[in-house]
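Understanding the architecture of this molecule
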Amino acid sequence: MNIKQLYTFLSLLILVALGNNVYGQYGNEWINTTQSYYKIEIGENGIYKIEYANLTELGIPADNIDPRNFQLFRNGEEQHIYVSGEQDGSFDPGDVIEFYGQKNDGTLESALYKSASDQPHKDYSIFTDTSSYYLTWTNSPSSKRFAEYYDNSYSGKVSDTYFMHSVTQVYTSDFFSGIPLDNNAGQLYSEYTGGEGFHQWVWSSQRQFKVPIPAINTNGPNATIQAIAYSGNNNTNVIVNNYNHEFGLSVNSRGNIIARQKTLGYERVDISGAMAASDLKPNTDVFMGEITFGGSGFNVSRLKIIYPRLFDLENHSELHVNSDFTYSFFDFANYSDVKSAPIVYDLSSKKRERADKQTDNRILFNLPNAGKIEYLLVDETEIKQITNFKKV
């Protein structure tokens, strides 16, 4: 075991013991030793469900549990869940537990870095994409619930015409060992340092990246394109005016550069540029990498495009929305023509709502509030089934 591996091992032990402090917990005080806990592993974001039969097959006495007492934990924090039919105090065949499951990301890993700002971003874990949830039940009702909500008063309602939506690509094909000491690749820090993690290596030019961008409102406000990268070598033979790299961010063609940044040796690049929404395409070409110097390489980490999106699902039934809205009434066109049971998980107000599909494949729904809202749209047939969990 080398020094960094030993450091990582010890750091992870500390995170296990203290990591819940980040979420307002101390140690393992969220654990009640008189309760049973069942571990559920999640590797993909989405809405998940646990059915009555899943519990009884594990020997869990579901008939004897008041469903109002179910709890679900992640990273030491109790999560909001929806439990159908819980009002009668009995968990019966046909009843389900639903929750929003999120894969593991790099949030807790910032503690491993020399400085939290050295982490490239928190969208991707350098260890595993699998997160652990723990199902249990107590002797009293839990308040962490998604409440049912339904308001079908649509007549005369006005909806926004677009909303700001984001598309993110994270690149993970190559591993960068981080910015070295004194720009010397032979002198690496023992702890995790600037940019260490997974990226995509781009050598001596700009590489083309294709980005699907659905339902563009070409008449809307400008789009913003953000990129994170790290210059990944130090070619002293090409230094001009104290620089030997220049990162370029281009859209639609290499010549259409919307942002650029020069660096010397190993440095972080964090840039953004604006462009007219009408210049975006359903499959937009983005070019990232070196535009000036020879013998220069970049570790491209993340790309994010924020753009005005129409309320058009383009024959899909799933969408994660996190934006600002003037109105609380929503009218989406072109819901999947083979799906008919749309539901909305309002993550902001903790509501589970049934939306109404129209004969022209539009879906309509009202949420309790306008303003900053995050919600998930999904068809009931696409809720992911939990079948593999175990007692711990």
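See the structure above.
Computed from a predicted structure; not experimentally measured. (Residues numbered from 1 in each chain as written. Predicted model: local features only at pLDDT ≥ 70, side-chain atom pairs only at ≥ 80, totals over all residues. Heavy atoms only, no water.)

**Some points on the overall build of the protein**
Looking only at helices and strands, the protein features 2 helices and 28 strands. The principal-axis extent of the C-alpha atoms belonging to the protein is close to 75 × 55 × 30 Å. Counting all 392 residues of the protein, 47% fall into the buried class. A separation threshold of at least 6 residues defines the contact pool for the protein, and within that pool the share at least 24 residues apart is 76%. With an accessible surface of roughly 18,300 Å², the protein has 45% of that area assigned to carbon and sulfur atoms. Where the 32 positive side-chain charges of the protein centre and where its 46 negative ones centre are 4 Å apart. (Helix = DSSP H or I, 4+ residues; strand = E, 2+ residues; numbered from the N terminus. Buried < 20%, exposed > 50% of the residue type's maximum accessible area, 1.4 Å probe, protein only. Contact = heavy atoms within 4.5 Å. Areas by Shrake-Rupley, 256 points an atom, 1.4 Å probe, with all protein chains shown as cover. Lys, Arg positive; Asp, Glu negative; His and termini not counted. Charge placed at Lys NZ, Arg CZ, Asp CG, Glu CD.)

**As for the nonpolar core**
The biggest cluster of nonpolar side chains holds 26 residues, and the ones touching the most others in it are Phe 247, Leu 249, Met 288, Leu 303 and Tyr 307. Only β12 (206-212), β13 (223-231), β14 (245-251), β16 (268-275), β17 (283-290) and β18 (297-310) provide two or more residues apiece to this core. The leading source of residues in this core is β18, at 5 residues. Counting 22 residues, the second-largest nonpolar core is a separate cluster that includes Ile 65, Ile 81, Val 83 and Tyr 133. (Core = buried A, V, L, I, M, F, W, Y, C linked by side-chain atoms within 4.5 Å.)

**Examining the sheet that holds strand β6 (residues 96-101)**
Taken together, the 4 strands give an open sheet; going across it, the order is β5-β6-β2-β27, and neighbouring strands pair in mixed fashion. Two strands bound the open sheet, and with one partner strand each, they are β5 (81-83) and β27 (384-385). Across 2 bridges, the pairing between strand β2 (residues 46-51) and β27 is parallel. Bridge pairing links Tyr 48 to Lys 384 in β27. (Pairing = 2+ DSSP bridges.)

**Considering the environment of Ser 272**
Mapped onto the elements of the fold, Ser 272 is located in strand β16. Relative accessible area serves as the criterion here: at 44%, Ser 272 is assigned to the partly exposed category. Spatially, the C-alpha atoms of Ser 272 and Ile 258 are 7.9 Å apart, while their sequence positions differ by 14 residues. For Ser 272, the contacting residues outside a window of four places in its chain are Thr 224, Ile 225, Gln 226 and Ala 259.

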